[in-house]
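Analysis of the macromolecular model
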Amino acid sequence: MTIYSRSDKQPAARLSISYSLSYDWLVRGRPEGDWRPILKEGLEYQEAARAEWEPLDRLVFEAYRAMGLKFWDTWRAYPVKFPEAVNAFKDPLTFPMTKDWEEMFSVLVHELCHLHEDHPGNSPRYQACLDRVRADFPRENETVQFHLLTCALQRAILMRVFPDRWKRMVNRGKGHPDLNRSWQLIDALERQIDWADPWKSLAK
Ligand SMILES: [Zn+2]
């Protein structure tokens with residue numbers, strides 16, 4: 001007899017949300033007391049977050065592909081209860097265990113943009129675009145320059161996948177001063193950016 005788990009019934013998502021107790025502890029420090037309720041909560045979160053993400057997984061990666069970007073086959077994303085002042089990061093993709101799903105989509109897409117930037121198949125395009133941004137905005141710090149490209153791509157993906165909700169989702173991703181500055185520059189460039197392929201228009 002074959003027992004099918006939920007994930008056997010449909011193709012695995014390219015972004016696989018996976019809770020890991022050890023990794024959670026590594027990031028936030030080992031909590032006091034019984035670990036069992038923490039594991040249970042983590043696995044319940046994993047199921048809930050997968051149910052939200054999986055129907056959108058294909059659309060998100062199609063949106064990147066439509067912009068000519070390449071990606072690895074699958075990527076794990078680890079939800080963690082972040083300590084204060086720790087932000088999501090890309091490698092390994094780690095994000096706060098939030099049940100604000102719009103925030104989760106926005107954060108995951110942001111980190112996926114960074115991962116696309118790192119793919120060697122995308123470097124010529126990325127580099128051309130970054131050179132242009134450095135030349136056009138020489139006084140901005142490096143984080144702002146990098147994030148002008150990351151956040152523009154993030155917005156373009158969110159616009160394609162969530163045409164009704166993208167504005168709210170962009171706002172969910174704000175808060176960090178350097179990122180806020182990048183978003184401010186993007187707003188100022190709004191009409192010059194081709195939202196079907198933002199990097200292409202920013203490289204001109
Ligand atoms: Zn970032």
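Residues numbered from 1 in each chain as written. Predicted model: local features only at pLDDT ≥ 70, side-chain atom pairs only at ≥ 80, totals over all residues.

Some words on the pairing of strand 4 (residues 93-96)
In terms of strand pairing, strand 2 (residues 75-80) meets strand 4 through four bridges, oriented parallel. When the sheet's bridge partners are listed, Ala77 is paired in strand 4 with Leu93. Pairing of strand 3 (residues 89-90) with strand 4, which is carried by two bridges, proceeds in the antiparallel orientation. Counted as the bridge partner of Lys90 is Leu93 from strand 4. Counting the residues that bridge the hairpin from strand 3 to strand 4 gives two residues. (Pairing = 2+ DSSP bridges. Helix = DSSP H or I, 4+ residues; strand = E, 2+ residues; numbered from the N terminus.)

Observations regarding the confidence of the model for the protein chain
Chain-level pLDDT for the protein chain is 91 on average; 94% of the residues reach the 70-or-more range. Counting contacts from residues 1-11, a segment whose pLDDT is below 50, to residues more than four positions away or on other chains yields two contacts. (pLDDT = per-residue confidence, 0-100. Contact = placed C-beta atoms within 7 Å.)

So, the packing of helix 5 (residues 142-161) against helix 7 (residues 177-188)
Here helix 5 crosses helix 7 at 60°, and the two axes come no closer than 8 Å. Viewed along their axes, helix 5 and helix 7 adopt a mutual orientation that is oblique. Of the two elements, helix 5 crosses helix 7, and the hand of that crossing is right-handed. On the side of helix 5, the interface is formed by Thr143, Val144, His147, Leu148, Cys151, Ala152 and Arg155, while helix 7 contributes Asp178, Leu179, Arg181, Ser182, Trp183, Leu185 and Ile186. Looking at the contact of helix 5 with helix 7 residue by residue, the classes come out as eight nonpolar, three polar and three charged. (Axes fitted to C-alpha atoms, helices over the stretch in contact; angles between N-to-C directions. Parallel < 35°, antiparallel > 145°, perpendicular 65-115°, else oblique. Left-handed = near helix turned anticlockwise from the far one by under 90°. Nonpolar A, V, L, I, M, F, W, Y, C, P; charged D, E, K, R; others polar.)

Notes on the nonpolar core
Counting 40 residues, the largest nonpolar core has Leu108, Val109, Leu149, Ala152 and Ile157 as the members making the most contacts within it. If one sorts the elements of this core by residue count, helix 5 sits on top with nine residues. Excluding residues within four positions of it along the chain, Leu108 makes contact with Leu15, Ala77 and Phe95. (Core = buried A, V, L, I, M, F, W, Y, C linked by C-beta atoms within 7 Å. Buried ≥ 20, exposed ≤ 12 C-beta atoms within 10 Å, placed from the backbone.)

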